Amino acid sequence: MTIKEYIKARKEEIKAEVAAMPKKPNLVIVQLNEDEASKAYVKGKLKDAAELGINAKLLKFPVEMSEKALLKEIAKLNKDKKVDGFIVQMPLPKQIDEEKVKLAVAPEKDVDGFHPMSALNPCTPQGIMNYLKHEGVEFLGKNAVVIGRSNIVGKPMAKMLLKESCNVTVLHSKTSKEDMARYLKYADIVVVAVGRQHLITKEFEFKPSAVLVDVGINRDENGLHGDIEPGMPVALQTPVPGGVGLLTRLALMENLLKIGR
Ligand code: NAD
């Protein structure tokens, strides 16, 4: 199934689940940044919630808001019994320490799964795992390569693949191109989360049975591009746009339902 087909089918299931709930889950999205990417992400999340029958409210604050004032608002949301879960849309303006904000969100309301004590996983790796499992991708004893080691994608992705008993290798900015080629050649599952347009090209050799997951979002005047060149000769390659971004959005709603239950 393509990602779009999968999302459509899952949304129908979630809609039915929400419709059967005596109380609809309440999500709050806190937004400070006004950049185009943040605006698009927030719009997408609100649209998904509306479509699924989830109550979502946007709490918008000025971009010059102080860290102290934001932490106060987070404390209020933590206590508000009407709020099941909330997220603070990243990135945040420079005057605010993102790590402090991630730790301020009560773990039981942390639908983004960023808090170290949160029972939920971050939405991007969770969304990827859900889709790969749905597609019947095998994990046990398979060679998985994750490129990128960020706290919100690379590291949790590696941890989740390890939990499924993959042999996991994490590559990053200090990995040489020669080593990258060596690891990729034997990889069964590759997740690229770097943010460099077409870092991975057909120059690299892959197993024809490989599964390539492209997390990267790179914008230019022609639109959005992934970290992987399109049309790789492999079994499965997720597209950009219309790929991991949609899986991430869906996983946010699924995380909220896990809290609301
Ligand atoms: P980040 O900047 O925090 O991390 C990038 C990682 O890439 C770092 O760990 C770094 O070591 C590694 N890296 C940098 N240059 C490299 C190179 N030449 N070779 C190998 N590794 C290199 O980024 P992030 O937050 O993990 O996001 C990565 C990309 O994924 C970005 O394009 C971001 O926009 C995108 N993203 C997409 C979604 C989605 O829903 N589709 C979600 C999160 C992030």
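No experiment lies behind these values; they were computed from the predicted model shown.

What counts and what doesn't
Residues numbered from 1 in each chain as written. Predicted model: local features only at pLDDT ≥ 70, side-chain atom pairs only at ≥ 80, totals over all residues. Heavy atoms only, no water. Helix = DSSP H or I, 4+ residues; strand = E, 2+ residues; numbered from the N terminus. Rg over C-alpha atoms; globule rule 2.2 N^0.38 Å. Buried < 20%, exposed > 50% of the residue type's maximum accessible area, 1.4 Å probe, protein only. Contact = heavy atoms within 4.5 Å. Pairing = 2+ DSSP bridges. Right-handed = clockwise from strand over helix to strand, strands pointing away. Core = buried A, V, L, I, M, F, W, Y, C linked by side-chain atoms within 4.5 Å. Phe/Tyr/Trp six-rings, centres within 6.5 Å; stacked < 30°, edge-to-face > 60°. Lys NZ or Arg CZ within 6 Å of the ring centre and 35° of its normal. Expected span 1.5 Å × (residues − 1). Arc of directions from axis to C-beta. Domains from an automatic or database assignment. Axes fitted to C-alpha atoms, helices over the stretch in contact; angles between N-to-C directions. Left-handed = near helix turned anticlockwise from the far one by under 90°. Nonpolar A, V, L, I, M, F, W, Y, C, P; charged D, E, K, R; others polar. Near = heavy atom within 4 Å. Polar contact = N/O pair within 3.5 Å; in protein donor to acceptor, adjacent residues only side chain to side chain. Areas by Shrake-Rupley, 256 points an atom, 1.4 Å probe, with all protein chains shown as cover.

A. Structural context of the overall build of the protein chain. Helices and strands together make up the secondary structure of the protein chain, namely 8 helices and 10 strands. Relative to a compact globule of 261 residues, whose C-alpha radius of gyration would be 18 Å, the protein chain shows 19 Å and is just as compact. Along the longest, intermediate and shortest principal axes, the C-alpha atoms of the protein chain span 50 × 45 × 35 Å. For the protein chain, the residues scored as buried account for 46% of the 261 residues in total. Counting contacts in the protein chain only where the partners sit at least 6 residues apart, residues at least 24 apart contribute 70% of the total.

B. The arrangement of the pairing of strand β2 (residues 55–60) in detail. In this sheet, β2 lies alongside strand β1 (residues 26–31) in parallel orientation, the contact comprising 6 bridges. Counterpart to valine 28 in the pairing with β2 is lysine 57. Read as a crossover between parallel neighbours, the route from β1 over helix α2 (residues 36–52) to β2 is right-handed.

C. Region of interest: the nonpolar core. Grouped together as the largest cluster of nonpolar side chains are 44 residues, with contacts concentrated most on Ile54, Leu132 and Leu161. Element by element, the count of residues in this core is highest for helix α8 (residues 244–260), at 8 residues. Isoleucine 54 has contacts with Val18, Pro25, Leu27, Ala49, Met253, Leu256 and Leu257, leaving out every residue within four places of it along the chain.

D. Here's a closer look at the environment of tyrosine 186. If you trace the backbone, tyrosine 186 turns up in the loop between α7 (177–185) and β6 (189–192). Separated by 111 residues in sequence, tyrosine 186 and alanine 75 place their C-alpha atoms 48 Å apart. If we skip the residues at most four places from it in the chain, tyrosine 186 touches Asn143 and Lys207.

E. Spotlight on the packing of aromatic side chains. Tallied over the entire structure, the rule returns 1 aromatic pair. A cation over a ring is seen here: lysine 102 above phenylalanine 114, with NZ or CZ 5.2 Å from the ring centre. Across the ring face of tyrosine 183, the terminal group of arginine 182 is positioned such that the distance to the ring centre comes to 5.4 Å.

F. Region of interest: helix α3 (residues 67–79). The end-to-end C-alpha distance of α3 is 19 Å, a good match for the 18 Å that 13 residues give at a rise of 1.5 Å each. Those residues of α3 that fall on the buried side of the exposure criterion are Glu67, Leu70, Glu73, Ile74 and Leu77. Around the axis of α3, the buried residues are gathered within 125° of arc, so they sit on the same side. For α3, exposure combined with an orientation more than 90 degrees from the buried face picks out Lys68, Lys72, Lys76 and Lys79. The elements touched by buried residues of α3 are β1, β2, β3 (85–88) and α4 (98–104).

G. Seen up close, the domain arrangement of the protein chain. Partitioning the protein chain into domains gives domain 1 (21–108) and domain 2 (123–245). Computed over C-alpha atoms, the centres of domain 1 and domain 2 are 28 Å apart.

H. Structural view of the packing of helix α5 (residues 123–134) against helix α6 (residues 154–163). Where α5 meets α6, the axes come as close as 8 Å, and the angle between the chain directions of the two elements is 35°. As α5 packs across α6, the resulting crossing turns out to be right-handed. Contacts between α5 and α6 involve Pro125, Gln126, Ile128 and Met129 from the first element and Pro156, Met157, Met160 and Leu161 from the second. Per-class residue counts for the contact of α5 with α6 are 7 nonpolar, 1 polar and no charged.

I. Expanded view of the site of the ligand. Lining the immediate surroundings of the ligand are 21 residues, of which Arg149, Ser150, Val215, Ile217 and Thr248 lie closest. Between arginine 149 and the ligand, the recorded distance is 2.8 Å, taken from a backbone N or O atom to an oxygen atom. Between a nitrogen atom of the ligand and a side-chain N or O atom of arginine 196, the distance comes to 3.3 Å. Compared with its free state, where it exposes 860 Å², the ligand has 74% of that area covered by protein. If one sorts the elements of the shell around the ligand by residue count, α8 sits on top with 3 residues. Each residue belonging to the shell around the ligand can be placed in one class, and the counts come to 10 nonpolar, 9 polar and 2 charged.

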